[in-house]
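These are the residues of each chain, in order.
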Amino acid sequence: MPDNEVFGFGEDKYNRLWMSTFNGSLCYYKDGIIHTERDKPFLRIPRKVAFIASIMNEYDGSVTIKFYQSSSFANIIGETIHLFDAKQVNEAPLKFMQVRKVAPDKYEITGSTETFIWDTSGRVTNTRQNAYSFCGTFPMNDRIYLVDTTYTVVSNNRMLVHVPTPANTSIIAVFEDSIHHKTMVGTYNGLRIFPEDRLLFQDHIISSITPDRSGNYWISTTNAGVFCLNAGYTHYRTFDNPDKTLVKYARILKGQLYFLTQKGNIYTIKNDSIRQLFNISQYKSDFNKRHTEYPYYEQDGEQLKKRIISSARRIHEEPNNASIAAYLDTNLNFYHISGWDNLILDKLNSQTASVKTRLPFKYKGAMKNITVTDSAIYIKAYVEIFYISRRAWEKQDPYAFHLVQPNKKRERLFGWAQDHDGGIWFSTVDSLYKIRDSTITVQKEYGAPGLRKFGIWNGFLMGYKHDNTLQICHLDANRKLVIDTSINGSSIWDDFYQIDSTHILISSNDKYRMVTLTHPGRKDGFHIQTVESRFIPVQSEFVCADSNVSYFFNNGTITRLDTKRLFDAPAQPVVYFLSLQTKNKIYSASQNGPITIPYSDANDIQLNYIPLSYSGGDLRCEYSISQDSTTNWRSIDEATINLYLTRSGNYYVRVRARTLSDSYSPVAILQFTIQKPFWTTWWFILIASVIVVVLIWWTTFSIARGMLRKKQKAYEADMKYQRMEFKALNALMNPHFIFNTLNNIQNLFKNQQNKADEYFVTFSRLIRQNMQNVTKDTISLEQELNLVANYLKLEKLRFDEFVNYKIDVDPELDLDNIFIPPLLIQPLVENAIRHGLLPKQSMDNLVTVHVYEKEKSLFIEITDNGVGLSGKSSHIDPQHESLGLSNLRKRIEHMNRTRTEKMTFDLIEQKDEKGRIGGTLARIEIASDRW
């Protein structure tokens with residue numbers, strides 16, 4: 001949706017449902033998809049416009065769209081849009097009421113006072129004066145209804161109706177019912193029907209009026225949902241309760257309704273008019289004016305005592321909303337019992353009722369119910385029942401009041417009913433009683449039903465318990481209790497109302513049930529049906545009905561309905577499939593040809609449908625899916641069905657809607673086909689063959705895994721051997737080093753005896769370092785470099801100017817945390833001096849030790865500027881040379897096999913640009929993530 005506010009709809013000949021959006025964006029609905037400018041570029045409007053005021057179908061199948069408070073309008077035919085701007089019209093854009101296409105290049109524009117013919121070239125070719133001065137326009141159901149300044153509704157230059165006050169400033173919707181020759185006008189105060197000016201749905205804001213194909217009228221409101229008027233709509237009417245309070249009692253006698261409000265006033269409805277018969281406040285005021293004292297009788301324990309108070313004090317003591325019990329007998333005597341003024345009123349057929357008798361009996365508690373029989377009057381309070389004969393009442397004898405109680409426990413009294421024999425029944429929390437005259441007997445055969453409210457009709461006892469269980473039961477021929485039905489639904493039961501001799505209406509917090517009594521005293525002698533009507537208010541405070549008319553009182557509104565409408569079977573609902581959606585595509589349910597779905601989409605299918613109720617009631621939906629005609633119905637709460645399918649082939653999805661009265665809609669069927677899976681193709685067979693080969697390989701691998709474990713053990717043993725050999729090679733380096741050092745001392749004694757002492761001191765340090773390091777697998781780089789420094793110092797003492805050295809270490813290196821094998825650098829330094837520098841015998845001889853890090857590798861380079869590899873003197877013992885280097889290479893090989901760090905060793909002869917030998921470079925590279 002391009003906008004979240006839509007004001008109206010219009011369908012064109014292409015079955016596109018156009019929408020009036022608030023932001024003026026063009027969009028339409030078709031095949032289960034809302035199309036906008038994103039997927040239909042022709043809907044893009046090049047300039048900003050106001051919201052869409054009307055959508056009209058034209059004679060040529062095009063659609064004309066008028067924008068609010070704008071001289072712009074659009075005409076769309078197919079997928080071509082023409083946007084026009086009638087600036088030449090001599091009317092303010094605000095006063096453009098209607099635009100209709102009258103020719104391929106001409107449009108009729110109705111303004112507030114004039115109507116113009118405007119062509120697409122921008123010229124006004126004709127002008128005429130309107131018969132009315134229009135101030136409003138209401139597009140409804142392919143018509144434009146215009147309203148003039150006197151609130152006369154006009155369509156096609158024809159007056160439909162004049163709307164009188166007080167609704168003349170609040171017209172929202174208009175519809176002409178040509179079948180019944182009525183005009184419906186939606187206002188902020190309800191639906192007005194002309195010419196009789198009936199008011200329906202009072203206090204509801206009517207936003208639209210739309211007929212359906214069954215002849216019903218759908219009335220949408222902004223504050224109370226959607227209503228449905230049946231064809232003819234004469235069976236329904238609402239009235240205002242003049243007191244705007246609860247109705248405590250009502251009865252229909254001789255076709256006329258009488259009701260008592262919580263204020264104590266009595267009203268009647270006759271000839272669609274409400275008239276007040278008795279005003280309790282006026283009665284009390286008149287009484288107090290005539291009497292300065294108020295004598296009354298009050299129950300004091302088991303005795304009745306007469307008391308007298310002033311009328312002023314009575315006004316002060318009497319509560320404003322005293323509980324009132326009422327009863328209207330067949331002789332039109334109205335019993336009005338309040339605990340202060342206990343009255344019998346007659347002359348209800350006159351303009352006002354009159355007080356026939358008055359019995360000033362004061363009761364401190366609340367009077368709840370009253371029943372009048374041929375001989376007596378029974379009044380139920382919370383824990384007490386008062387009995388008085390009708391003769392005693394007529395004689396105004398208060399001492400004839402008798403207090404009757406089922407027992408001395410003073411249990412609270414709940415249910416109250418009268419059977420067809422005139423017997424009075426009532427219930428306590430655990431027992432059921434019957435009163436005959438002033439005698440109370442417990443009805444033991446009913447056990448302890450614990451009924452909160454109940455009634456007795458045609459041999460059936462209906463009631464609901466304190467745990468909200470509804471029970472219908474009867475006594476069989478042997479006086480044994482038979483519970484015919486017990487309902488523990490989600491509804492909270494309220495009360496029972498007799499419609500006629502065979503129909504009982506049960507109210508609850510959410511719906512009404514009609515019990516039809518067919519065979520008294522039999523288990524199957526009744527049936528229960530949910531009443532479906534949107535006209536009946538939910539949770540009515542009181543219901544009064546006879547076989548002709550029913551009244552529902554709710555929140556200050558009186559709803560009248562023909563009683564036969566309560567028994568109407570609801571209009572059969574309909575279910576429509578909208579679309580089928582997979583993760584990759586949306587299929588319209590109304591598309592031509594079958595719906596075929598790739599197997600890869602079968603595991604995520606979403607079916608969208610919509611159930612429609614033409615009776616306005618709630619619907620419950622069920623669906624079934626199969627690959628044949630069989631059904632397996634399942635309940636569903638949403639208008640979407642999610643499917644996960646694993647088999648290919650044809651599928652049939654069936655959906656039906658069920659009304660509250662268990663009436664089903666026709667089954668809607670959607671068929672689709674899931675293509676065969678890919679594994680039936682040649683390439684899948686090839687892949688399957690490969691998988692078989694892989695399985696064979698896996699089997700072979702499993703067998704070989706045991707052998708690999710044995711090899712692993714052998715490998716571990718080999719690693720242990722390698723580590724031992726490595727230590728042995730390290731040990732070989734120690735005598736080699738000592739041999740060379742002692743050889744140097746021998747030469748010093750022969751040639752330079754004065755330096756022998758200094759040499760011995762350095763030699764002792766060197767030997768100590770070597771002895772400490774040689775027993776370890778690795779030493780720190782700091783320790784190795786200290787040993788090399790001492791060694792170079794010895795060589796400098798011995799050979800003096802023929803040996804010069806330099807140690808260059810990257811200062812960023814953490815030498816104490818870098819570990820290498822012992823005697824890794826010293827042999828290379830020794831090799832550079834003996835086989836590189838000494839044969840050259842030059843005072844410029846230089847050996848350099850360079851240690852640095854580069855790209856996660858540690859480099860140790862020993863460079864000399866001696867004779868190189870190919871220029872070695874013949875006096876050097878080749879066996880001596882090969883011992884140090886070959887030992888080093890073997891140690892590096894062992895290191896690479898047993899450690900994660902990878903080490904490489906290179907010996908490179910250096911040459912200048914002319915190819916002359918410039919010395920030798922020995923490089924060790926140690927690669928590790930630790931650097």
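Residues numbered from 1 in each chain as written. Predicted model: local features only at pLDDT ≥ 70, side-chain atom pairs only at ≥ 80, totals over all residues. Heavy atoms only, no water.

Trainee: So what's going on with the overall build of the chain? Residues and values would help.
Mentor: Helices and strands together make up the secondary structure of the chain, namely eight helices and 70 strands. Within the chain, the proportion of its 931 residues that are buried is 48%. Look at the contacts in the chain between residues 6 or more apart in sequence, and 49% of them connect residues 24 or more apart. Accessible surface computed for the chain: about 46,300 Å², of which carbon and sulfur atoms make up 49%. (Helix = DSSP H or I, 4+ residues; strand = E, 2+ residues; numbered from the N terminus. Buried < 20%, exposed > 50% of the residue type's maximum accessible area, 1.4 Å probe, protein only. Contact = heavy atoms within 4.5 Å. Areas by Shrake-Rupley, 256 points an atom, 1.4 Å probe, with all protein chains shown as cover.)

Trainee: For the pattern of salt bridges, give the residues involved together with the corresponding values.
Mentor: Following the criterion strictly, the structure yields 20 salt bridges and no others. R100 serves as the salt-bridge partner of E58, at 3.4 Å between the closest nitrogen and oxygen. With a gap of 42 residues between them, E58 in the loop between β5 (52–57) and β6 (63–67) and R100 in strand β9 (residues 98–103) connect regions that are remote in the sequence. Look at R100 and you get partly exposed, because its relative accessible area is 22%. (Salt bridge = Lys/Arg side-chain N within 4 Å of Asp/Glu carboxyl O.)

Trainee: How would you explain the sheet that holds strand β32 (residues 334–337) if you had to name every residue and give the values?
Mentor: Reading across the sheet, the four strands line up as β31-β32-β33-β34 and stay open at both edges, with antiparallel pairing between neighbours. Of all the strands in the sheet, just β31 (325–328) and β34 (354–359) have a single pairing partner and so form its edges. Each strand axis lies, on average, 20° off the axis of its neighbour in the sheet, ignoring direction. Direction of pairing for strand β33 (residues 342–346) relative to β34: antiparallel, over a ladder of five bridges. What sits directly across from D346, in β34, is S354. (Pairing = 2+ DSSP bridges. Axes fitted to C-alpha atoms, helices over the stretch in contact; angles between N-to-C directions.)

Trainee: Can you break down the sheet that holds strand β45 (residues 460–465) residue by residue, with the values?
Mentor: Strands sit in the order β44-β45-β46-β47 across an open sheet of four strands; the sheet is antiparallel. Both outer strands of the open sheet, β44 (451–457) and β47 (481–487), are each paired with one neighbouring strand and no more. Ignoring which end each strand starts from, the neighbouring axes of this sheet average 20° apart. In this sheet, strand β46 (residues 470–475) lies alongside β45 in antiparallel orientation, the contact comprising four bridges. By the bridge assignment, M462 is partnered in β46 with I472.

Trainee: Could you give an account of the nonpolar core, with specific residues and numbers?
Mentor: L191, F201 and F553 are the most contacted members of the largest nonpolar core, which totals 97 residues. Of all the elements, strand β25 (residues 247–253) adds the most residues to this core, at five residues. Excluding anything up to four places from it in sequence, L191 contacts M184, V185, G186, R198, L199, L200, F201, I206, I209, I219 and L229. Residues L785, L823, I862 and I924 belong to the second largest nonpolar core, which totals 42 residues. (Core = buried A, V, L, I, M, F, W, Y, C linked by side-chain atoms within 4.5 Å.)

Trainee: Just give me the short version of empty space enclosed by the protein, but keep the residues and values in it.
Mentor: One way to see where empty space is left: roll a probe the size of a water molecule over the atoms. If you walk through the whole model with that rule in mind, you get three cavities of 30 Å³ or more. One number sums up the size of the largest cavity: a volume of about 110 Å³. Along the walls of the largest cavity sit 14 residues, with N831, A832, D864, L907 and T920 positioned nearest its centre. At the level of elements, α7 (826–837), β68 (857–864) and β70 (917–927) are the ones that each hand at least two residues to the lining of the largest cavity. Among the elements that line the lining of the largest cavity, the one with the most residues is α7, at five residues. By residue class, the composition of the lining of the largest cavity is seven nonpolar, five polar and two charged. (1 Å grid on protein atoms, 1.4 Å probe; cavity = no way out; pocket = protein on both sides within 12 Å on 5 of 7 lines; lining within 4 Å. Points joined across faces, edges and corners; volume = space filled by probe spheres on them. Nonpolar A, V, L, I, M, F, W, Y, C, P; charged D, E, K, R; others polar.)

Trainee: Any chance you could break down unusual backbone geometry for me, citing the residues and the numbers?
Mentor: Note the cis peptide between F194 and P195, where omega equals 20°. The phi dihedral of N458 is positive, around 50°, even though this residue is not glycine. Within the secondary structure, N458 is located in the loop between β44 and β45. One non-glycine residue, Q539, adopts positive backbone phi at about 60°. For Q539, the position within the fold is in the loop between β51 (526–531) and β52 (542–545).

Trainee: How would you explain α7 if you had to name every residue and give the values?
Mentor: Helix length check: α7 (twelve residues) gives 15 Å between terminal C-alpha atoms against 16 Å at 1.5 Å per residue, within 8%. Burial runs high along α7: twelve of the twelve residues are buried. Along α7, the residues that are buried comprise Q826, P827, L828, V829, E830, N831, A832, I833, R834, H835, G836 and L837. (Expected span 1.5 Å × (residues − 1).)

Trainee: Now, about the packing of aromatic side chains: what can you tell me, with residues and values included?
Mentor: What the rule picks out here adds up to 36 aromatic pairs. Here the aromatic rings of F460 and F526 are separated by 5.4 Å at their centres, their planes lie at 80°, and the arrangement is edge-to-face. Highlighted residues: F460 in strand β45 and F526 in strand β51, separated in sequence by 66 residues. According to the relative accessible area criterion, F460 is buried, its value standing at 0%. Among the residues examined, F526 registers a relative accessible area of 14% and is labelled buried. With centroids separated by 5.2 Å and ring planes inclined at 10°, the aromatic side chains of Y852 and F859 adopt a geometry described as stacked. The pair Y852 / F859 is uniform in exposure class, with both members buried. Through a chain of ring-to-ring contacts, the aromatic side chains of Y599, F678, W679, W683 and F684 assemble into a single cluster. The lysine or arginine in question, R16, covers the ring of Y28, its NZ or CZ lying 5.2 Å from the ring centre. The residue whose ring lies beneath R656 is W633, and the NZ or CZ to ring-centre distance is 4.1 Å. (Phe/Tyr/Trp six-rings, centres within 6.5 Å; stacked < 30°, edge-to-face > 60°. Lys NZ or Arg CZ within 6 Å of the ring centre and 35° of its normal.)

Trainee: Let's hear about the UniProt feature "transmembrane region" (unreviewed entry) in the chain: which residues, and what values?
Mentor: UniProt records the feature "transmembrane region" (unreviewed entry) at residues 682–704, using the numbering of this structure. Strand forms 0% of residues 682–704 and helix 100%; the C-alpha atoms that close the span are 33 Å apart. (UniProt positions renumbered as here; feature names shortened; annotations may be inferred.)

Trainee: So, the environment of K480: which residues are in play, and what are the values?
Mentor: Structurally, the position occupied by K480 is in the loop between β46 and β47. For the pair formed by K480 and Y446, sequence separation is 34 residues and the distance between their alpha carbons is 8.0 Å. Aside from chain neighbours lying at most four places away, what touches K480 is H474 and L475.

Trainee: Explain the side chain of N130 to me, using residue names and the numbers behind them.
Mentor: Structurally, N130 can be placed in the loop between β12 (124–129) and β13 (134–140). Residue classification places N130 among the buried positions, given a relative accessible area of 13%. At 3.1 Å, the side chain of N130 and the backbone oxygen of G111 are in polar contact. Looking at N130, its side chain comes within polar contact range of the main-chain oxygen of E114, at 3.4 Å. (Polar contact = N/O pair within 3.5 Å; in protein donor to acceptor, adjacent residues only side chain to side chain.)

Trainee: I'd love a proper account of the packing of helix α6 (residues 781–799) against α7, names of residues and values included.
Mentor: Where α6 meets α7, the axes come as close as 10 Å, and the angle between the chain directions of the two elements is 20°. Between α6 and α7, the interaxial angle falls into the category roughly parallel. As α6 runs across α7, the sense of the crossing is right-handed. From α6, E784, L787, V788, Y791, L792, E795 and R798 reach across to α7, where they touch Q826, V829, E830, I833 and R834. (Parallel < 35°, antiparallel > 145°, perpendicular 65-115°, else oblique. Left-handed = near helix turned anticlockwise from the far one by under 90°.)

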